[in-house]
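Structural description and commentary
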Amino acid sequence: PARIQYIWQKLHRQKFYAAGGGGVIYSALAGIDQALWDIQGKTLNVPVHRLLGGAVREKLLVYRWCGGDNNTPEAAAKEAKDLLRDSKFKLIKMNACPRMQFIDTEGKIQQAVDRMRAVRNAVGPKVGVGLDFHGRVKAPMAKKLVKALEPFDPLFVEEAVVPDMNFALADLKKATHVPIATGERMFSVASFRDLLNAHAADILQPDCSHCGGISNLLTISRMAEAYDVAMAPHCPLGPIALASCLAVDSVIANFAFQETSYGIHYNAEGGASAVKGKQTNNKKKQCILLHYIKNPQVFEVGEDGCMRVPTGPGLGVEIDEKAVREAAKNGHTWKGREWTLSDGTPTRW
C-alpha cells in the first residue's frame, strides 16, 4: 500500500476505459487513493500533508451553505444573518437562482437579484457570499444573470454553466469582475488543463472524492498554480472527503477557501439526516461531517472562520465504525432531483 503512485497509475493506465473515464471511475480511484494516503500516514504516524511536502499555512479558511433552491428574499436574509450570528463562519454560499428557461421570461433573474440584495443587506459588505448557479442556468442567460448580480459583490460565481458548456466561460470571464469558479463535475487532469489553457476560470473546484483522490487533486492544484488560478475544492460530503481536501489545501500555495457540508440543505432530504431510518429536522443531525467520527474537534471552526491544519496521523479523523455499520443497515432515502420547467421540459437542478 505504500506504493501509492504506482497503484494509482496502474489503475488509471492499465484499465482500458479508465484513461477517459468519468465520475464513476475517478470516484473509485479517489476512494482507493484516499485510503492509501491514510494508511501510509498512520503507518508512519504523520499527517498526510507531511507526506505531501508539509503545510505552507497554519489555518484554512472555510465556508458553509446557506438557504435552499427557491427561498424568499426574506427567508434567505434571515437564515444568512442567523447562521453568521450562531456560528464562526465568515464566508457563506447559496444557490443563486431557481430553475430557469433558456431565455428567462418568468422573472427568475429578478428573483435572484432580490434574494441576493436581501442577503447582502442582512450580512453587510464584509461577509463573502458565493453564488452557485449549479449548472441550472443555460448559456444564453449566464452572462445576463452574472451582470445583474454584480452590484452585490459576490465572492464568486460557481458553475455558471454545466461543464459541457465550459467553452462559454472564457467570454463570461472577460465580461465580469466576479471570479468565475467551476470544476466539481470535472474529473481528469486533461479536462482542467483545457480549462486553464482557455483562461476560462479564476477558481478551480475539483472534488477530491470524485477527481481521483488526493494524488490527482494535488496534480490539478500544482497545474493551476502555474496559471495563477485559485483552488477551492468542492466538498458537500462527509468527514473523509473533507479531511482529504484539507490535506491538499494545507500544502498548496494557491488555496483560497474550502467548502464544507455545514448547512447544506441536500443533507436534510433523506441522506445524512436519515437517522435510524427516520427523517429528522434537528439541524445538528443535518451535518454528516460529525456523524461518523469520534474526534469532531478536528473540524472545529475558529473565531477567524478557519479550520486548523490537521495534526493527527493519516487524514486525522477517527472513524466511528459502529455508527457507520448502523447507518449502512438503515441505508438512505436520498434521490437525485428531477426538475421540469413550467412548460414540462426536463431541466437540470
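Heads up: these notes are all about the structure in this document. Keep in mind the model is a prediction, meaning the values are calculated, not measured. (Residues numbered from 1 in each chain as written. Predicted model: local features only at pLDDT ≥ 70, side-chain atom pairs only at ≥ 80, totals over all residues. Heavy atoms only, no water.)

Across all of its chains, the model carries 5 aromatic pairs by this definition. Considering the side-chain rings of Phe89 and Tyr262, the 5.5 Å spacing of their centres and the 65° angle between planes classify their relative orientation as edge-to-face. Residue Phe89 is located in the loop between α4 (73-86) and β2 (91-95), and its partner Tyr262 is located in the loop between β8 (258-259) and β9 (306-308); the two are separated by 173 residues in the primary sequence. For the pair shown, Phe89 and Tyr262 are each scored as buried. Chaining the aromatic ring pairs together yields one cluster made of Tyr63, Phe156 and Phe257. (Phe/Tyr/Trp six-rings, centres within 6.5 Å; stacked < 30°, edge-to-face > 60°. Helix = DSSP H or I, 4+ residues; strand = E, 2+ residues; numbered from the N terminus. Buried < 20%, exposed > 50% of the residue type's maximum accessible area, 1.4 Å probe, protein only.)

So, about the pattern of salt bridges. Considering all chains together, one arrives at 15 salt bridges under this definition. The salt bridge partner of Asp202 is Lys173, with a shortest N-O separation of 3.6 Å. Placement of the pair is Asp202 in the loop between α8 (189-197) and β6 (203-204) and Lys173 in helix α7 (residues 169-175), with a sequence separation of 29 residues. Judged by its relative accessible area of 27%, Asp202 is partly exposed. Taking the relative accessible area as the measure of exposure, Lys173 reaches 25% and is therefore partly exposed. Within the structure, one salt-bridge network assembled from shared partners comprises Lys78, Asp82, Arg85 and Asp86. (Salt bridge = Lys/Arg side-chain N within 4 Å of Asp/Glu carboxyl O.)

Taken together, the buried positions of helix α1 (residues 4-13) are Ile4, Trp8 and His12. All buried residues of α1 project into a common sector of 55° when viewed along the axis, lining one side. Considering only its buried residues, α1 is in contact with α2 (23-44) and α9 (214-225). (Arc of directions from axis to C-beta. Contact = heavy atoms within 4.5 Å.)

For the rest of this paragraph, the subject is the side chain of Glu150. With respect to the helices and strands, Glu150 occurs in the loop between α6 (139-149) and β4 (157-158). A distance of 2.5 Å separates the side chain of Glu150 from the side chain of Thr176, its partner in a polar contact. Excluding its chain neighbours within four sequence positions, the residues that come into contact with Glu150 are Ala175, Thr176, His177 and Val178. (Polar contact = N/O pair within 3.5 Å; in protein donor to acceptor, adjacent residues only side chain to side chain.)

What follows concerns the side chain of Arg136. Residue placement: Arg136 occurs in the loop between β3 (128-132) and α6. For Arg136, a relative accessible area of 0% gives the class buried. Reaching out from Arg136, the side chain makes a polar contact with the backbone oxygen of Trp349 at a distance of 2.4 Å. If near-sequence neighbours (up to four positions away) are discounted, Arg136 is found in contact with Asp69, Asn95, Cys97, Pro98, Arg99, Met100, Tyr266, Trp339, Arg348 and Trp349.

The next point concerns empty space enclosed by the protein. All chains considered together, the criterion is met by 1 cavity of 30 Å³ or more. Its boundaries defined by the atoms lining it, the largest cavity holds a volume of some 50 Å³. Lining the largest cavity we find Ala243, Leu246, Val298, Phe299, Arg308, Pro310, Thr311, Leu315, Gly316 and Val317. Residues belonging to the lining of the largest cavity are distributed by class as follows: 7 nonpolar, 2 polar and 1 charged. (1 Å grid on protein atoms, 1.4 Å probe; cavity = no way out; pocket = protein on both sides within 12 Å on 5 of 7 lines; lining within 4 Å. Points joined across faces, edges and corners; volume = space filled by probe spheres on them. Nonpolar A, V, L, I, M, F, W, Y, C, P; charged D, E, K, R; others polar.)

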